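Residue strings, one per chain:
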Amino acid sequence: MTTDPYQSLLTHLTNCTDSKDIDKLLSALLTNKEQHDIANRIRIFDLLEQGVTQRDISEQLGVGIATVSRGARAMQSHDVSALLATHRARS
């Protein structure tokens, strides 16, 4: 039986209690650009929830309007409220 590596990752992250260990793992898995793109996706979610227009978000973050639109679609499809609460608590 083959184990799905993505599910293994999810299980491992669920069991991690040290953010430094998670950071090391994500640094090994993701390039700097991928990490930056994820951070921008979270910023996009946050700004959209604040009512900032997609065009303004595109200009603020220096990303294409298509990137912001994809973030908006993802936000409509998934509940990101817990992520945004964590993000805002750390800001």
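Residues numbered from 1 in each chain as written. Predicted model: local features only at pLDDT ≥ 70, side-chain atom pairs only at ≥ 80, totals over all residues. Heavy atoms only, no water.

Quick notes on the overall build of the protein chain
- Along the backbone of the protein chain there are 6 helices and 0 strands.
- Along its sequence from the N terminus, the protein chain presents helices and strands in the succession α-α-α-α-α-α.
- Taking the intrachain contacts of the protein chain between residues at least 6 apart in sequence as the baseline, contacts between residues at least 24 apart amount to 42%.
- Carbon and sulfur atoms provide 53% of the accessible area of the protein chain, an area that totals close to 6,800 Å².
- Across the protein chain, 10 positive and 11 negative side-chain charges occur, with their mean positions spaced 3 Å apart. (Helix = DSSP H or I, 4+ residues; strand = E, 2+ residues; numbered from the N terminus. Contact = heavy atoms within 4.5 Å. Areas by Shrake-Rupley, 256 points an atom, 1.4 Å probe, with all protein chains shown as cover. Lys, Arg positive; Asp, Glu negative; His and termini not counted. Charge placed at Lys NZ, Arg CZ, Asp CG, Glu CD.)

As for the packing of helix H3 (residues 32–49) against helix H5 (residues 65–77)
- The N-to-C vectors of H3 and H5 enclose an angle of 70°; their axes lie 9 Å apart at closest approach. Relative to H5, the element H3 lies roughly perpendicular. For the pair H3 and H5, the contacting residues are Arg41, Ile44, Phe45, Leu48 and Glu49 in the first and Thr67, Val68, Arg70, Gly71, Ala72, Ala74 and Met75 in the second.
- Residue composition of the contact of H3 with H5, grouped by class: 7 nonpolar, 2 polar and 3 charged. (Axes fitted to C-alpha atoms, helices over the stretch in contact; angles between N-to-C directions. Parallel < 35°, antiparallel > 145°, perpendicular 65-115°, else oblique. Nonpolar A, V, L, I, M, F, W, Y, C, P; charged D, E, K, R; others polar.)

Some remarks on the packing of H3 against helix H6 (residues 81–90)
- Between H3 and H6, the shortest axis-to-axis distance is 10 Å and the interhelical angle comes to 95°. Comparing their axes, H6 and H3 come out roughly perpendicular. On H6, the residues touching Ile42, Phe45, Asp46 and Glu49 of H3 are Leu83, Leu84, His87 and Arg88.
- Among the residues making up the contact of H3 with H6, the classes are represented as 4 nonpolar, 1 polar and 3 charged.

Here we look at the environment of aspartate 37
- Among the structural elements, aspartate 37 can be located in helix H3.
- Along the sequence, aspartate 37 and glutamine 50 sit 13 residues apart, while their C-alpha atoms lie 20 Å from each other.
- Within the structure, aspartate 37 has its side chain in polar contact with the side chain of lysine 33 (distance 2.8 Å). (Polar contact = N/O pair within 3.5 Å; in protein donor to acceptor, adjacent residues only side chain to side chain.)

Points about the side chain of asparagine 40
- When you line up the elements, asparagine 40 lands in helix H3.
- According to the relative accessible area criterion, asparagine 40 is buried, its value standing at 6%.
- Among all residues touching asparagine 40, those that are not within four sequence positions of it are Leu61 and Val63. (Buried < 20%, exposed > 50% of the residue type's maximum accessible area, 1.4 Å probe, protein only.)

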